[in-house]
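Commentary on secondary and tertiary structure
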Amino acid sequence: MRIGTWNLAGQWSPRHLELLTREKCDVWLLTEVHPETSVPGMWMHSTGTPMGERKTWAAIFSNADLVPAESDPHWATAAAHIDGLTVISSVLPWRSRGQEWGGSTLVEDVRRTLAAIRAQVDVTTIWGGDWNQALEGGEHVGTLDGRNQILELLNASRLSVPTRSLGSAAPGHRSIDHIAVPMGWDVNAAYRTRAIAQGQRLSDHDMYVISVNR
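Residues numbered from 1 in each chain as written. Predicted model: local features only at pLDDT ≥ 70, side-chain atom pairs only at ≥ 80, totals over all residues. Heavy atoms only, no water.

**Quick look at unusual backbone geometry**
Which entries qualify depends on this criterion: Each helix is a run of H or I in the DSSP string that is no shorter than four residues. Each strand is a run of E no shorter than two, and both are numbered from the N terminus.
Phi is positive for Asp 83, which is not a glycine, with a value near 50°. As for its placement among the helices and strands, Asp 83 is situated in the loop between strand E6 (77-82) and strand E7 (85-91).

What follows is the structure, given as C-alpha cells:
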C-alpha cells in the first residue's frame, strides 16, 4: 500500500496531476487543495470549510471506495473510512495562523485542534497532512510543546510516523508534513519528492510518500 501527502498551496495544473499520478499512491492526504483538484480513478472527500477564496483545507483521495465520516472532526480535517480503516487528512495550526483558530496561543490552538481529532485517531487510523510541526530536530514553524502533544497522541494511539526524519523544501529543516500508520505495519520505504516540474516549483512544500504492508 502506498500513501502520500502533499500541501498543494492552493494550486492545480497538469503538472501537479503528473507528479501525483507518477507516485502511484493508493491514498493521498492532500492539504490546501484547489477546488479543481481531481485524480482520475480516485474517490475524493474534502473539508467543507473554505481556506480563503480558492482552496479548501484538506482532502482524501483513494483508489478504493471511501465513505466520508458522519462529520469531519474539525473544520481543517477531512475524515473517511476506507477498507476498515479511518483515514484522516489535517492541517494543524502554525505560528502565523489566522484568528479562526480561536486560541490565545499556538500551544492552546494545537491543544484544541488535537482534542477535536483525538476520538477518531487509534490503531486502525492513517493520519497525515500538513501538521506544521517538525517531530524531531529544530523547530521553525510550531513549538516544542506542540510536538510533544502530537507525539503523545501518536503514542497513545499506537501509530508510527515514517516521515519524521525526512527533510523539507527548506534546507536544513525537518518535514512538517507527515503520514502516521499503525505501529504493527511494516514500512518498506519513506521518501520525499521535490515539488518541481520542468524547473518550476509547484508548491513551497515537497511531496512525501510511504510504502507499507498491512
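**Focus: the side chain of Thr 31**
As a reminder, the rule being used: The rule is simple: take the accessible area with a 1.4 Å probe, protein chains only, and divide by the maximum for that residue type; under 20% is buried, over 50% is exposed, in between is partly exposed.
Checked against the element boundaries, Thr 31 lands in strand E2 (residues 27-33). You can call Thr 31 buried: its relative accessible area is 0%.

**A closer look at the environment of Val 107**
Note the cut-off: Any two residues having at least one pair of non-hydrogen atoms within 4.5 Å are treated as being in contact.
Mapped onto the elements of the fold, Val 107 is located in helix H2 (residues 106-117). Looking at Val 107, the relative accessible area reads 24%, which means it is partly exposed. Measuring from C-alpha to C-alpha, the distance between Val 107 and Arg 95 comes to 9.6 Å, with 12 residues separating the pair along the chain. Excluding its chain neighbours within four sequence positions, the residues that come into contact with Val 107 are Thr 143, Asp 145 and Gln 149.

**Some details on the environment of Arg 15**
Which entries qualify depends on this criterion: Between N or O atoms, a polar contact is any pair within 3.5 Å; within protein, one atom must be a potential hydrogen donor and the other a potential acceptor, and residues adjacent in sequence are included only when both atoms are from side chains.
By the element assignment, Arg 15 lies in helix H1 (residues 14-22). What makes Arg 15 partly exposed here is its relative accessible area of 26%. The spacing of Arg 15 and Leu 202 is 187 residues in sequence and 8.0 Å in space, taken between C-alpha atoms. Setting aside anything within four residues of it in sequence, one finds Arg 15 in contact with Ala 197, Gln 198, Gln 200 and Leu 202. At 2.7 Å, the side chain of Arg 15 and the side chain of Gln 198 are in polar contact.

**Points about the nonpolar core**
This is how it is decided: In these notes, a set of buried Ala, Val, Leu, Ile, Met, Phe, Trp, Tyr and Cys residues joined through side-chain atoms within 4.5 Å is what counts as a nonpolar core.
The biggest cluster of nonpolar side chains holds 19 residues, and the ones touching the most others in it are Trp 127, Trp 131 and Leu 154. Ignoring any residue separated from it by four or fewer positions in sequence, one finds Trp 131 in contact with Ser 90, Leu 92, Pro 93, Ile 150, Leu 154, Ile 176, His 178 and Ala 180.

**Observations concerning the packing of aromatic side chains**
Inclusion rule: To pair, rings of Phe, Tyr and Trp, with the six-membered ring standing in for Trp, must have centres within 6.5 Å; the planes then decide the type, stacked if under 30 degrees apart, edge-to-face if over 60, and tilted in the middle.
Applying the stated rule across the entire model yields six aromatic pairs. Seen in terms of ring centroids, Trp 94 and Trp 101 are 6.1 Å apart; in terms of plane orientation they differ by 80°. Their pairing is edge-to-face. Residue Trp 94 is classed as buried on the basis of its relative accessible area of 17%. Aromatic pair Trp 127 and Trp 131: ring centres 4.3 Å apart, planes at 35°, arrangement tilted. Here the two residues Trp 127 and Trp 131 agree in accessibility, since each one is buried. A network of ring pairs unites the aromatic residues Trp 57, Trp 75, Trp 94 and Trp 101 as a single cluster.

**Here's the deal with the pattern of salt bridges**
Filter applied, for reference: The salt bridge criterion pairs a side-chain nitrogen of Lys or Arg with a carboxyl oxygen of Asp or Glu, the two atoms within 4 Å.
Scanning the entire structure with this criterion turns up 14 salt bridges. When the shortest N-O distance is used, the salt bridge between Asp 83 and Arg 214 registers 2.9 Å. Of this pair, Asp 83 sits in the loop between E6 and E7 while Arg 214 sits in the segment after strand E14 (207-213); the two residues are 131 residues apart in sequence, bridging distant segments of the chain. Here Arg 118 makes a salt bridge to Glu 152, at a shortest N to O gap of 3.2 Å.

These figures come from the coordinates and say nothing about function on their own.
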